Amino acid sequence: MSQSPYYRTGIIDDYLDILDLPTLPASDNDEYYTIESKFNYRPDLLSHELYGTTRLWWIFQRRNMNEIKDPIRDFKAGLTIRLPDRTIVSRYMR
């Protein structure tokens, strides 16, 4: 399935290689969002609230690579991030 974040990831000896996520381009339609305490260390929950699926957790890290190096530990309440334009995100939804 081409929408899966693992689609671009290679296979070595029947095992997945290191995850190869796509880069998300900046857009003038990106929105700023300050992470609430209920989403502290939980990008999957914010993904579910915004997009209806927990599978798009990686989008926040890829769009905010300077602020979020570790997609879990750096996803802290109070951090302001950019949310990608929904038309870009919709490419990765089923």
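Residues numbered from 1 in each chain as written. Predicted model: local features only at pLDDT ≥ 70, side-chain atom pairs only at ≥ 80, totals over all residues. Heavy atoms only, no water.

(A) Spatial organisation of the overall build of the protein chain. Helix and strand content of the protein chain: 3 helices and 4 strands. Since a compact globule built from 94 residues should have a radius of gyration of about 12 Å, the 14 Å found for the protein chain is in line with a globular shape. Dimensions of the protein chain along its principal axes, counting C-alpha atoms only, are 40 × 25 × 25 Å. The 94 residues of the protein chain split such that 35% are buried. Of all intrachain contacts in the protein chain linking residues separated by at least 6 positions in sequence, the fraction that spans at least 24 positions is 58%. (Helix = DSSP H or I, 4+ residues; strand = E, 2+ residues; numbered from the N terminus. Rg over C-alpha atoms; globule rule 2.2 N^0.38 Å. Buried < 20%, exposed > 50% of the residue type's maximum accessible area, 1.4 Å probe, protein only. Contact = heavy atoms within 4.5 Å.)

(B) Geometry of the side chain of R63. Relative to the elements of secondary structure, R63 occurs in helix α2 (residues 58–63). Classification of R63 by relative accessible area gives buried; the value is 12%. A distance of 2.7 Å separates a polar atom in the side chain of R63 from a polar atom in the side chain of D30. When neighbours within four sequence positions are excluded, R63 is seen to be in contact with L24, P25, A26, S27, D30, R82 and P84. (Polar contact = N/O pair within 3.5 Å; in protein donor to acceptor, adjacent residues only side chain to side chain.)

(C) Fine view of the packing of aromatic side chains. Per the counting criterion, the structure on display carries 2 aromatic pairs. Taking 6.2 Å as the distance between ring centres and 25 degrees as the angle between the ring planes, the aromatic pair formed by Y51 and F60 counts as stacked. By the burial criterion, Y51 is buried, and F60 matches it. Ring centres of F60 and F75 lie 5.6 Å apart, and the angle between their planes is 40 degrees; this geometry places the pair in the tilted category. (Phe/Tyr/Trp six-rings, centres within 6.5 Å; stacked < 30°, edge-to-face > 60°.)

(D) Main features of the environment of L56. Along the chain, L56 falls in the loop between α1 (43–51) and α2. The spacing of L56 and V89 is 33 residues in sequence and 8.4 Å in space, taken between C-alpha atoms.

(E) Structural view of the environment of R62. Assignment of secondary structure puts R62 in helix α2. Taking the C-alpha atoms as reference points, R62 and I18, separated by 44 residues in sequence, lie 15 Å from one another. Once you skip the residues sitting within four places of it in the chain, R62 turns out to touch L21, P22, T23 and L24. Within the local environment of R62, its side chain forms a polar contact with the side chain of T23, the two groups lying 3.3 Å apart.

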